[in-house]
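Take a look at the letters that make up each chain.
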Amino acid sequence: MAHSRTARRRWATAIGLTGVAALALSACAQSERGQDSGSGQTGGTMVFGAAGEPKNFDPIFNDDGESFRPIRQMFDTLITYKRGTADLAPGLAEKWEPSADGKSWTFTLRKNVKFHDGSPFNAEAVCYNFDRWFNMKGAAAQSQMIYYGDVFGGFAANEGDAAGEPLYQSCEAKDESTAVLNLTKYKGAFPAAFGLTSFSISSPTALKQYDADNVQQSGDSFSYPAYATEHPTGTGAFKLEKFDRANKTITLVRNEDYWGEKAKLDKLIFKIIPDENARKQELKAGTIDGYDFPSPADYNSLKGDGFNVTPRPAFNILYLGINEANTPALKDVRVRQAIAYAVNREQLVKTKLPAGAEVATQFLPKTVSGYADDVQQYPYDLAKAKELLAQAGASNLSLKFYVPTEVSRPYMPNPTELAAVIADDLKAAGITVELVSRPWNGGYKDDVQKLGKHDLHLLGWTGDYNDAGNFVGTFFGREKKEFGFTDQGLFDALAAADAVVDQTAHADAYKQVNRDIMSKYLPAVPVSHSPPAIVVSSKISGLVPSPLTDERFDTVSKG
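Residues numbered from 1 in each chain as written. Predicted model: local features only at pLDDT ≥ 70, side-chain atom pairs only at ≥ 80, totals over all residues. Heavy atoms only, no water.

### Things to note about the environment of Thr-549
Alright, step 1. Along the chain, the position of Thr-549 falls in the loop between strand E22 (540-541) and strand E23 (557-558).
Alright, step 2. Thr-549 gets classed as buried once you look at its relative accessible area, which sits at 17%.
Alright, step 3. Separated by 237 residues in sequence, Thr-549 and Arg-312 have C-alpha atoms that sit 8.1 Å apart.
Alright, step 4. Ignoring any residue separated from it by four or fewer positions in sequence, one finds Thr-549 in contact with Arg-72, Arg-312, Pro-410 and Thr-462. (Helix = DSSP H or I, 4+ residues; strand = E, 2+ residues; numbered from the N terminus. Buried < 20%, exposed > 50% of the residue type's maximum accessible area, 1.4 Å probe, protein only. Contact = heavy atoms within 4.5 Å.)

Printed below as a string of structure tokens:
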């Protein structure tokens, strides 16, 4: 079966994601790499306002959009996503084919591709990357490989809080352009998961030269080696010139040896501007050419000033996370249900989120296969919330509510504002809430995801591909500090759903899991799905908005 894309394409078409291409900005050029990307003007520098700092530039040690934005310009994956859609498309692999039992994948690789350091891309390089991830040593390094843990389970030797069974078995370089990946069992996430940015292919030469695996933890902080901070080396259309931390700019330059059509821009600069209003003012002043996640209240004024504002489809989820590990009362599902009833999500969506946003009834958008129409509902009901708290003996509940700062995300344009509204709702139910604000990278994410310091937190997810497992499997498929529960029954149910090969049965299995999550477990409260926007000046053309926020800038022209 060449490419094995039929089912995934059908799903993507069904949910209308392919239609997002129609949202492309003026003079856009939708294309796959290696194909004609249009006749836009070449040369020049584009400055794009980023909402937060990247954690580092090594794909395997990242899981957030602010890190992935520059990484996606510098690296390629074996399989990618067709511009403006969730459809799979050839990346570094021209073809991919599973074995009959789905436990092996054969990749036919592009030829004459080089990494930024001039070393060759080939099957040995592919296998080196898979072997590196599987054999990663050190609890600190393994703890930062969140996507690897979610998709591939465990390591050759699990350390720290890594506990999964390894999915990876081996990788064989049959010849220069044929790599065969062998797994221990069928995994429903593939082939789409091969397109995850975390699984971008790095130069083995650079990985060795710059000590890439040497991640260290000191107290609550993590430090990364030179490969991740100064010398990321992929095959992408742009190369890193400099990350100027003092001036908060990431400068990329065109890769003149790129295997596909060369980028049109000479330079691409990501300027980190955490404050959304500051990003808007810089766009109006002409010091940046575009930015992500404009405030919904500014859409009309920005359009009136001649800027192009384009909302993407709401392929995401915002949730109020609950950590059961620190406060015993949170282990009682009645308390978690009380929190759900106490939050007026309808009012929150109506007043604080963009037009087109909607209340979430479960942890995936309704367009994703596996969505269940008949899950237990939690409409706003303050009396019910107080009643459940009383039944659970938790009427005097006190909780630490962690909130990210210095960031806007596709699913939460203003985290501080959203948290304030939710905290007021919880206080009305008699819950004492202590808001704890922490910067997104270098604080919040580590406190919540690795250290589990919180009771409640705001977080969300933009889908990487169109499968229920990419949402609920990622959140609740294994023990995580973020949620602090160890319910093997839920872990097993998600693993069983993921392992169903027949697509109809696969969707049915996830529907039942979603019913159980919302009635029996409720490990968090689903809040909303929001259509995030992107805005650029009238001088910019060729940028194709992605439902996955997977924008590539190599087709962009300025002038």
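Next comes the rest of the write-up.
### What to know about the UniProt feature "domain: Solute-binding protein family" (unreviewed entry) in the protein chain
Alright, step 1. Taking the UniProt record as the reference, the feature "domain: Solute-binding protein family" (unreviewed entry) is found at residues 88-480.
Alright, step 2. In residues 88-480, helix accounts for 27% and strand for 24%; the two terminal C-alpha atoms are 29 Å from one another. (UniProt positions renumbered as here; feature names shortened; annotations may be inferred.)

### A few points about the sheet that holds strand E20 (residues 524-529)
Alright, step 1. What the six strands build is an open sheet, ordered E16-E20-E15-E19-E17-E18; its pairing is mixed. Edge positions in the sheet fall to strand E16 (358-359) and strand E18 (432-439), since each of these pairs with one other strand and no more.
Alright, step 2. Across two bridges, strand E17 (residues 398-405) lies against strand E19 (residues 456-462) in parallel orientation. Of the residues in E19, the one forming a bridge with Phe-401 is Leu-456. (Pairing = 2+ DSSP bridges.)

### Thoughts on the domain arrangement of the protein chain
Alright, step 1. In terms of domains, the protein chain is made up of domain 1 (41-75 + 236-312 + 534-558), domain 2 (77-124 + 140-205) and domain 3 (316-529).
Alright, step 2. The interface is formed by 19 residues belonging to domain 1 together with 16 residues belonging to domain 3.
Alright, step 3. With both sides pooled, the region where domain 1 packs onto domain 3 buries about 1200 Å², and carbon together with sulfur makes up 55% of that total.
Alright, step 4. Per-residue buried area on domain 1 facing domain 3 is highest for Phe-293, Pro-296 and Leu-548; these three make up 33% of the total on that side.
Alright, step 5. Inspection of the region where domain 1 meets domain 3 yields two salt bridges.
Alright, step 6. Its salt-bridge partner being Arg-409, residue Glu-66 comes within 2.8 Å of it at the nearest N-O pair.
Alright, step 7. Where domain 1 meets domain 3, there are four residue pairs in polar contact (both at pLDDT 80 or more). (Domains from an automatic or database assignment. Buried area = accessible area lost by both parts, 1.4 Å probe. Salt bridge = Lys/Arg side-chain N within 4 Å of Asp/Glu carboxyl O. Polar contact = N/O pair within 3.5 Å; in protein donor to acceptor, adjacent residues only side chain to side chain.)

### Things to note about the state of the cysteines
Alright, step 1. Tallying each qualifying case throughout the model produces one disulfide.
Alright, step 2. Each sulfur in the disulfide pair Cys-127 and Cys-171 lies 2.1 Å from the other. Given an S-S torsion of about -65°, the disulfide between Cys-127 and Cys-171 has left-handed geometry. One end of the pair, Cys-127, is in helix H3 (residues 123-134); the other, Cys-171, is in strand E6 (residues 168-175), with 44 residues separating them in the sequence.
Alright, step 3. A relative accessible area of 5% means that Cys-127 is categorised as buried. (Disulfide = S-S within 2.5 Å.)

### Things to note about the pairing of strand E15 (residues 316-322)
Alright, step 1. Burial runs high along E15: seven of the seven residues are buried.
Alright, step 2. The side-chain alternation of E15 yields two buried faces, one formed by Asn-316, Leu-318, Leu-320 and Ile-322 and the other by Ile-317, Tyr-319 and Gly-321.
Alright, step 3. Bridge count between E15 and E19: seven bridges; the pairing is antiparallel. Paired with Leu-318 across the strands is Gly-460, a residue of E19.
Alright, step 4. Summarising the sheet, E15 and E20 pair through four bridges and their orientation is antiparallel. Bridge pairing links Leu-318 to Ser-528 in E20.

### Points about the confidence of the model for the protein chain
Alright, step 1. Of the residues in the protein chain, 93% reach a pLDDT of 70 or more, and the chain-wide mean stands at 91.
Alright, step 2. For residues 1-37, every residue scores under 50 in pLDDT, and the model assigns this stretch 114 contacts once sequence neighbours within four places are set aside. (pLDDT = per-residue confidence, 0-100.)

### Points about the sheet that holds strand E12 (residues 267-272)
Alright, step 1. Across the sheet, seven strands lie side by side as E10-E11-E12-E1-E13-E21-E14; this open sheet has mixed pairing. A single partner strand is all that each edge strand has here, and the edge strands are strand E10 (238-244) and strand E14 (308-311). Adjacent strand axes in the sheet meet at a mean angle of 20° when their direction is disregarded.
Alright, step 2. Taken together, the four bridges between E14 and strand E21 (residues 533-536) define a ladder with antiparallel strand orientation. Following the sheet pairing, Pro-311 is matched in E21 by Ala-533.
Alright, step 3. Its contacts with the sheet place helix H8 (residues 276-285) against strand E1 (45-50), E12, strand E13 (290-292) and E21, and it is angled at close to 160° to E13. (Axes fitted to C-alpha atoms, helices over the stretch in contact; angles between N-to-C directions.)

### Points about the pairing of E10
Alright, step 1. As paired elements, E10 and strand E11 (residues 249-254) share six bridges and run antiparallel to each other. Paired with Lys-239 across the strands is Val-253, a residue of E11.
Alright, step 2. Turn length for the E10-E11 hairpin, with the two strands adjacent in sequence and antiparallel, is four residues, and the turn residue Lys-248 shows positive phi of about 55°.

### Some words on the packing of helix H16 (residues 488-498) against helix H17 (residues 503-521)
The description of two helices packed together rests on the angle between their axes and the distance between the axes.
Alright, step 1. The geometry of H16 relative to H17 is characterised by a closest axis approach of 8 Å and an angle of 160° between their N-to-C directions. Classified by the angle between their axes, H16 and H17 sit roughly antiparallel to one another. Here H16 and H17 pass one another in a crossing that is left-handed. Where H16 approaches H17, its residues Gly-489, Leu-490, Ala-493, Leu-494, Ala-497 and Asp-498 are matched on the opposing element by His-506, Ala-509, Tyr-510, Val-513, Ile-517 and Tyr-521.
Alright, step 2. Looking at the contact of H16 with H17 residue by residue, the class counts come to nine nonpolar, two polar and one charged. (Parallel < 35°, antiparallel > 145°, perpendicular 65-115°, else oblique. Left-handed = near helix turned anticlockwise from the far one by under 90°. Nonpolar A, V, L, I, M, F, W, Y, C, P; charged D, E, K, R; others polar.)

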